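Secondary and tertiary structure notes
Each chain is listed here by its residues.
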2 protein chains.
Amino acid sequence: MLRVLLTASLAAMSSAAFAADDTALREEALGIFEPLPKTAPELPGNKITPEKIELGKMLFFDPRLSASGVFSCYSCHNLATGGDDNLETSIGHGWQKGPRNSPTVFNSVFNIAQFWDGRAEDLKEQAKGPIQASVEMANTPDQVIATLNSMPGYVDGFGKAFPDDSDKVSFDNLAKAIEAFETTLNTPAPFDAFLEGDDDALTSDQKLGLALFMDKGCAACHSGVNVGGNGYYPFGLIEKPGAEILPEGDKGRFEVTQTVDDSYVFRASPLRNVALTAPYFHTGKVWNLKTAVQIMADSQLGEELTDTEADQIVAFLESLTGTPPAVTVPVLPSETGTTPRPDGNIR
Amino acid sequence: MLRVLLTASLAAMSSAAFAADDTALREEALGIFEPLPKTAPELPGNKITPEKIELGKMLFFDPRLSASGVFSCYSCHNLATGGDDNLETSIGHGWQKGPRNSPTVFNSVFNIAQFWDGRAEDLKEQAKGPIQASVEMANTPDQVIATLNSMPGYVDGFGKAFPDDSDKVSFDNLAKAIEAFETTLNTPAPFDAFLEGDDDALTSDQKLGLALFMDKGCAACHSGVNVGGNGYYPFGLIEKPGAEILPEGDKGRFEVTQTVDDSYVFRASPLRNVALTAPYFHTGKVWNLKTAVQIMADSQLGEELTDTEADQIVAFLESLTGTPPAVTVPVLPSETGTTPRPDGNIR
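Residues numbered from 1 in each chain as written. Chains lettered and ligands numbered in written order. Predicted model: local features only at pLDDT ≥ 70, side-chain atom pairs only at ≥ 80, totals over all residues. Heavy atoms only, no water.

1. Some words on the nonpolar core
Our working definition: For the purposes of this section, nonpolar cores are sets of buried Ala, Val, Leu, Ile, Met, Phe, Trp, Tyr and Cys residues that join through side-chain atoms within 4.5 Å. Residue exposure (1.4 Å probe, protein chains only): buried if accessible area is under 20% of the type maximum, exposed if over 50%, otherwise partly exposed. The contact criterion used is simple: two residues touch if any of their non-hydrogen atoms lie within 4.5 Å.
Residues A:Leu79, B:Leu79 and B:Leu174 are the most contacted members of the largest nonpolar core, which totals 78 residues. Filtering out sequence-adjacent residues up to four positions away, B:Leu79 remains in contact with A:Val329, A:Pro330, B:Phe60, B:Phe61, B:Tyr74, B:Val105, B:Phe106, B:Phe181, B:Leu185 and B:Val327.

Next comes the structure, spelled out in structure tokens:
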């Protein structure tokens, strides 16, 4: 209630009163969200080193991890376009379409688990999925390891990244290196600056949107460092959206846990950079962020937002658009006589 | 003849004599090749500015220039893998295969013309081709311009790059910006250091290979800044290679000039970074560089190289592997409500 009063009066107040409001808004926000840490977290079982990050970057950019030689991690997690591919669902091997919208790789280390249904515990487990998925990179671990072992530059890179391992060039180590690189892909945003004390980091519309985001209940699911990505919730809690947005055939987390309660349950989307990552939802059927916000309010909260409220929430979401780290395109080793040849055939 | 004598005696000589040999080798080489210029050349009708380069980099990396949203210039001219895609022929829209092997974008501004048959006079003409080719990016100029105009970040970028134009966001200007960026993609190599006076820049095998490359006649077609890329020659001058390598259906430059003399004529491949750009020839049917060298000697010169000679020429060609400029992945503008949606359908 305090929040609603503050919100309603924000626009008319003096700058001194604004500052007091900002402090209250920040305090409430800090109870729900966390600013992006300045350094990547430590990962259990995967000590991050510069050598591992460098190797991981090479692997992330290398289309030779796919059977066809066409797709790399970067293809669907494009660092130039918000860390995703801007498609409803990704196009992969043989022009096949993937089943769900590609999530952004940015800040993904801060998610509770990976994929829309959280079926991968962490980024190293996640990295193994698309490489093998028949509609994505369509490769096999054996073929990937043969490819890497055929290039001295990679054998050297794995040697430096995993000096203590007896089996250095392994699929597990590939996944660990990619995870190490991905922990660097974090994007501090104006919202972080606001949380850290800079009143001017958000516009007044963004502040009003933040207040609404908390008051209306959006923050019940979209909280924490990634403003989401930290829990599982049924899609259509109050009212199921249409079948195009939530098709019957995709039961979400049910397929992971085989628990009826997990039917149509998905990981709440992490909302950092959401303004860059249209189209929305696991089906990628909604292109407009305001529409997505309205669908969420309707289906999850039973709230019909006014046009102004929806605009203000979108303004807040735009404050989550961050600055990606400068990533220089790596120079990859060249193939040798023993490198498996690309094969674009569909099996 | 002098060269042959020098070559034969190189391995056994003292370092002082080596230096004298190096000087003679360099002098002969400088009559045929040119070191890579330190700055990109001026382009007629396209003044290079930092704003144009920056815009061109954005366009080069943007998959939204393709109808499907999957392919960018970078897809087939991958800066991480020698400026090409390491495929026989590129895979494009709808998983269709292109007709010829993708050439490297590196140092391409120094080629006499673009494409295997030289059908594009320069890089700005070239850039328009793949965007519209139905088996590549399958887009139309109108759709591309609508896409760019829908994103304020691009409208702003074109405004800065083409401040004096009345029609700033145009297909011509897109091509000019991409050309401007591509003029920066040059890769100085050990061979350049040798040409510029550093005797130690090449190994003795590479020097022997360079001498052979000139003496055997390879340099008759592969000369100039790009060690090729500067003239048109019939493939199979002395003896036609097999139909897999030189299929009857692709008559090369004949299709451009409609002149019988141009049947099976192609632009001599520019050989900078050739060790990174397998597979070889316009058909991409040969994966091994030594094999490619032997085929060339046989079909173009009627020379059967010894195993050692072929190895030494390969060693020389490896000295053409250069250092690409550091290219940071750009941050591209996000779509808006008016951005045309990706469409992967085959028409």
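Let's pick the thread back up.
2. Structural notes on the pattern of salt bridges
Threshold: Counted as salt bridges are all cases of a side-chain nitrogen of Lys or Arg within 4 Å of a carboxyl oxygen of Asp or Glu.
This structure, assessed with the given rule, holds 36 salt bridges over all chains. For B:Asp122, the salt bridge identified is with B:Lys124, shortest N-O distance 2.9 Å.

3. With respect to the UniProt feature "domain: Cytochrome c" (unreviewed entry) in chain A
Residue and element names in this part refer to chain A. Our working definition: UniProt positions are given in the numbering used here, feature names are shortened, and annotations may be inferred rather than shown by experiment. For the purposes of this entry, the term helix denotes a DSSP run of H or I that reaches at least four residues, the term strand denotes a run of E that reaches at least two, and both are numbered from the N terminus.
The feature "domain: Cytochrome c" (unreviewed entry), as annotated in UniProt, sits at residues 51-182 and 204-321 in this numbering. With 42% helix and 0% strand, the stretch residues 51-182 has end C-alpha atoms that lie 13 Å from each other. Between the end C-alpha atoms of residues 204-321 the distance is 17 Å, and the span holds 35% helix and 5% strand.

4. Brief notes about the interface of chain A and chain B
Threshold: What counts as buried area is the accessible surface, traced by a 1.4 Å probe, that two parts surrender upon association, with contributions from both included. Three classes are used: nonpolar for Ala, Val, Leu, Ile, Met, Phe, Trp, Tyr, Cys and Pro, charged for Asp, Glu, Lys and Arg, and polar for all others, with Gly counted as polar.
Each partner contributes residues to the interface: chain A has 36 residues there, and chain B has 36 residues. Both sides of the chain A and chain B interface together cover about 3000 Å² of buried area, and 70% of this is carbon and sulfur. Looking only at chain A, the three residues that lose the most surface to chain B are A:Trp95, A:Trp287 and A:Val329, adding up to 23% of its buried area. Residues of the side of chain A that touches chain B, tallied by class, amount to 21 nonpolar, 11 polar and four charged.

5. Comments concerning the relation of the copies chain A and chain B
Going by this rule: Residues below a pLDDT of 70 in either copy are left out; the C-alpha atoms of the rest, at least 70 in both, set the least-squares superposition of the copies.
Of the transformation placing chain A onto chain B, the axial shift is 0.0 Å and the rotation is 180 degrees, giving an RMSD of 0.0 Å. Such a combination of rotation and displacement between the chain copies is what one expects of a two-fold axis. Considering only C-alpha atoms, the part of chain A nearest the rotation axis is A:Thr328, at 2.1 Å. Residue by residue, 100% of the interface of chain A is reproduced at the interface of chain B, so both copies engage with the same surface.

6. Describing helix α8 (residues 171-182) of chain B
Residue and element names in this part refer to chain B. Rules: Here the expected span of a helix is defined as 1.5 Å times the quantity of residues minus one.
Its 12 residues give α8 an end-to-end C-alpha distance of 17 Å, which sits within 8% of 16 Å, the value for a rise of 1.5 Å per residue. Taken across its 12 residues, α8 has 10 buried, putting it largely inside the fold. Those residues of α8 not exposed but buried are Phe 171, Asn 173, Leu 174, Ala 175, Ala 177, Ile 178, Glu 179, Ala 180, Phe 181 and Glu 182. Turning to α8, the residues buried within the fold contact α3 (50-61), α4 (73-76), α5 (123-132), α6 (141-149) and α7 (152-161).

7. Section: the packing of aromatic side chains
Our working rule: Ring geometry is summarised as follows: Phe, Tyr and Trp rings, the Trp one being its six-membered ring, pair when their centres sit within 6.5 Å, and such pairs are stacked at plane angles under 30 degrees, edge-to-face over 60 and tilted between the two. Working rule: Lys NZ or Arg CZ, within 6 Å of ring centre, within 35 degrees of ring normal, means a charge sits over the ring.
Under the criterion given, the structure shown has 23 aromatic pairs over all chains. Ring plane angle 25 degrees and centroid distance 6.2 Å describe the contact between B:Phe158 and B:Phe162, whose orientation is recorded as stacked. Neither residue differs from the other here; B:Phe158 and B:Phe162 are each classed as buried. Through successive ring pairs, a cluster of aromatic residues spans A:Phe60, A:Phe61, A:Tyr74, A:Phe181, B:Phe60, B:Phe61, B:Tyr74 and B:Phe181. Residue placement shows B:Arg26 over the ring face of B:Phe194; its charged tip is 4.5 Å from the ring centre. Lying across the ring of B:Phe254, B:Lys251 places its NZ or CZ 5.7 Å from the centre.

8. Description of the environment of A:Thr323
Residues and elements named next belong to chain A. Structurally, the position occupied by Thr 323 is in the segment after α13 (307-318). A relative accessible area of 56% places Thr 323 in the exposed class. Along the primary structure Thr 323 and Asn 273 are separated by 50 residues, whereas in three dimensions their C-alpha atoms are 9.3 Å apart.

9. Digging into unusual backbone geometry
For the bond running from A:Ala278 to A:Pro279, omega is -5 degrees, close enough to zero to count as cis. Assignment of secondary structure puts A:Pro279 in the loop between β2 (265-267) and α12 (289-301). At A:Phe281, a residue that is not glycine, the phi angle is positive and equals roughly 75 degrees. Looking at where A:Phe281 falls in the secondary structure, it is placed in the loop between β2 and α12. Judged by relative accessible area, A:Phe281 falls into the buried class, the value being 10%. Residues other than glycine seldom take positive phi values, yet B:Tyr264 does so here, at roughly 60 degrees. If you trace the backbone, B:Tyr264 turns up in the loop between α11 (254-257) and β4 (265-267).

10. Examining the environment of A:Gln300
All names here are of chain A. Spelled out, the test is: In protein, a polar contact requires one atom able to donate a hydrogen and another able to accept it; more generally it is a pair of N or O atoms within 3.5 Å, and residues adjacent in sequence count only if both atoms are side-chain atoms.
Within the secondary structure layout, Gln 300 lies in helix α12. Note on Gln 300: relative accessible area 12%, which makes it buried. As a C-alpha pair, Gln 300 and Gly 94 span 206 residues in sequence and 37 Å in three-dimensional space. Beyond its immediate chain neighbours, meaning those up to four positions away, Gln 300 contacts Pro 234, Phe 235, Gly 236, Leu 237, Ile 238 and Ile 295. In this structure the side chain of Gln 300 is engaged in a polar contact, spanning 2.6 Å, whose partner is the backbone nitrogen of Gly 236.

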